Each structure stands twice: as C-alpha cells, then as structure tokens.
Amino acid sequence: GTTAALIPAAGNGTRLGLGHKAFVEVGGLSLLARSVAALAPHVDEVLVALPDGTELPPGLDARAIGGGETRQESVRRLLRATVADTVLIHDAARPFLSADIIYALLEAVAETGAATVALPMADSLVNAEESDMWGAAVSREGIWAVQTPQGFRRELLLRAHAQAAADGYAATDDAGLVARQGLVVRLVRGDARLFKVTTPGDLALAQGLAQMWDA
Ligand code: CTP
Ligand code: MG
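Residues numbered from 1 in each chain as written. Chains lettered and ligands numbered in written order. Predicted model: local features only at pLDDT ≥ 70, side-chain atom pairs only at ≥ 80, totals over all residues.

S.K.: Break down helix H2 (residues 71-80) for me, citing the residues and quoting the values.
M.R.: With respect to burial, H2 is a largely interior element, seven of its 10 residues being buried. On its buried side, H2 packs onto strand E1 (3-8), strand E4 (45-50), strand E5 (63-66), strand E6 (86-89), helix H4 (154-167) and helix H5 (174-180). (Buried ≥ 20, exposed ≤ 12 C-beta atoms within 10 Å, placed from the backbone. Helix = DSSP H or I, 4+ residues; strand = E, 2+ residues; numbered from the N terminus. Contact = placed C-beta atoms within 7 Å.)

Right, here's the structure in full:
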C-alpha cells in the first residue's frame, strides 16, 4: 500500500510569538523543513497544511494545501487531499524526528491500524487548586504524554474525523479521535527530543539540540 505524511503547519504560533511558527528556523533550517526532510524518505508523498495565502518555501519535497481554523480541521483537509492507504500525521513543530521512530511507528500501524508515538511521564503530577495551589496528587503510573507522529489506516481516521465533526467534538490530536471510536491505538515509545516547540523556552532547547542533531 501507499503511505502519505500529513503535516499540519497552519497554526499562528501565538505562544512562541515569532509569527508563523513552521517557518521559524533552528540551526539554519525551519521547523517545517526539518519535519519534511525527516519523513520524505519513508513515504510516497508529503502534504503540508499552510495558512491560506502562504506558499511552501522552495526546496521542500512536499505539496501544500490550505489549512483550517483548528488543527483538527487542518488534518481533515489533509486527509481529503490524499488517497494513500496509510497516513502519518506529524506536527511541523516537532522537528527532531528520527528514522528509528518512523520505522517503529510504521510497524505498529501495519499491525493495529492506529498508533501514536508517546512518552511515559517522568515528572510527578498534581492537580492545581485555585489556579496555583497544590491540590490532589495524581499518580504518574501508566501515564504517557502523547507526541507525534501518529499513524493510521486513512479510512479509519477519516471516519473518526467525520464522527467528531458530526458530534462537535474537539481533540488536540488524531489518536484521541480514533480511541473515542472504541478502536485500539498502539503506543510506540517516543523520545524527549520529539518535544513540541511551543514556547520561547522550547525554542531555546531546540536551538541547542539542533547543533548536536546536525553534527
Ligand atoms: N496547526 C494547524 N492548523 C491550525 C492550528 C495548528 O495546522 N489551525 C498545526 C500547527 O502549525 C502545529 C501543530 O498544529 O504544527 C500543533 O499546534 P500548536 O503547537 O498549537 O501550533 P500553533 O497553533 O501554531 O501555536 P499556538 O497554539 O501557540 O498559536
Ligand atoms: Mg495551537
């Protein structure tokens, strides 16, 4: 079967505060260019959702479409723009994606039809009370933080998105929509380096990591 990488990159980057986040550079390459380059060798095509009126910079091995108001809508448009049997959804904002993780994810998707990269929590967890007071502690036993890429048989993810849209249900990732259908989603162990560049502190980490990554 065929495989497409779908990259939502149509967000505003509000929390980072440097304009369109996918085009922000670390170590001389944009977050988007790094994500495309990581995935392109392993798939038949790469599709990127960009803000309307934005063009793909030259040199990227990908095709661009217009994104939506939310990440969920951007992914839905990407899903409609491909006929691939299998899709790998990956945030442009997670630039440090290794081939080993892509192989592990593809293997899991081939077995179960749905899988996501995720990372067991290392920090203790607590519920905040009155916004910044220590409340009830939460056990981190069995708690994983969800990352991307996430892989699915395309038909299955299309159905999950259609159901979510019909119900007005919003989720921050695609595996959540599939799990909501009662389907099995395999967890593939990710990597701390797959963190999402969200805040200025994350960008500082990414700039440091880029030097090691590219060496
Ligand atoms: N995304 C998208 N379409 C949207 C919103 C987000 O394609 N309407 C993409 C972003 O470009 C990013 C990924 O989804 O690659 C994860 O989103 P996030 O980290 O929240 O990025 P932004 O929405 O751009 O950032 P912020 O929430 O701080 O504005
Ligand atoms: Mg966002």
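S.K.: Outline the sheet that holds E4, listing residues and values.
M.R.: Spatially, the seven strands line up as an open sheet ordered E5-E4-E1-E6-E10-E7-E11, and their pairing is mixed. On the outer flanks of this sheet lie E5 and strand E11 (186-189), each paired with one strand and no other. Strand after strand, the sheet turns through a mean of 30 degrees between neighbouring axes, direction not considered. Bridge analysis of E1 against E4 gives five bridges, and the strand direction is parallel. In the sheet register, Ile7 faces E4, and the bridge partner there is Val48. Strands E1, E4, E5 and E6 of the sheet are contacted by H2, whose axis makes an angle of about 150 degrees with E1. In the packing of helix H3 (residues 99-112) onto the sheet, contacts are made with E6, strand E7 (114-120), strand E10 (144-153) and E11, and the angle to E7 comes to roughly 135 degrees. (Pairing = 2+ DSSP bridges. Axes fitted to C-alpha atoms, helices over the stretch in contact; angles between N-to-C directions.)

S.K.: Lay out the nonpolar core with the relevant residues and their values.
M.R.: With 53 residues, the main nonpolar core has Leu6, Ile7, Ala9, Val46 and Val48 as its most contacted residues. If you tally residues by element for this core, the top one is helix H1 (residues 31-39), at six residues. With residues up to four places along the chain from it excluded, the contact list for Val48 reads Ile7, Ala9, Leu32, Val36, Leu56, Ala62 and Ala64. (Core = buried A, V, L, I, M, F, W, Y, C linked by C-beta atoms within 7 Å.)

S.K.: Which residues make up the UniProt feature "site: Positions MEP for the nucleophilic attack" (unreviewed entry) in the protein, and what values do they have?
M.R.: The UniProt feature table records "site: Positions MEP for the nucleophilic attack" (unreviewed entry) at Arg140 and Lys196. Relative to the assigned elements, Arg140 resides in the loop between strand E9 (133-138) and E10. With residues near it in sequence (within four places) discarded, Arg140 still touches Met121, Ser124 and Leu125. Residue position: Lys196 is located in the loop between E11 and helix H6 (200-214). For Lys196, a count of 16 C-beta atoms within 10 Å gives the class partly exposed. (UniProt positions renumbered as here; feature names shortened; annotations may be inferred.)

S.K.: A description of the UniProt feature "site: Transition state stabilizer" (unreviewed entry) in the protein should follow, citing residues and the corresponding values.
M.R.: Taking the UniProt record as the reference, the feature "site: Transition state stabilizer" (unreviewed entry) is found at Arg15 and Lys21. Excluding residues that lie within four positions of it along the chain, Arg15 makes contacts with Thr198 and Thr199. Note that Lys21 resides in the loop between E1 and strand E2 (25-26). When sequence neighbours within four positions are dropped, the list of residues in contact with Lys21 reads Gly11, Gly13, Leu16, Leu31 and Ala93.

S.K.: Tell me what's going on with the confidence of the model for the protein, and back it up with residues and numbers.
M.R.: Per-residue confidence for the protein averages 97 on the pLDDT scale, and 100% of its residues sit at or above 70. Overall fold confidence for the complex sits at a pTM of 0.97, while the interface term, ipTM, reaches 0.99. (pLDDT = per-residue confidence, 0-100.)

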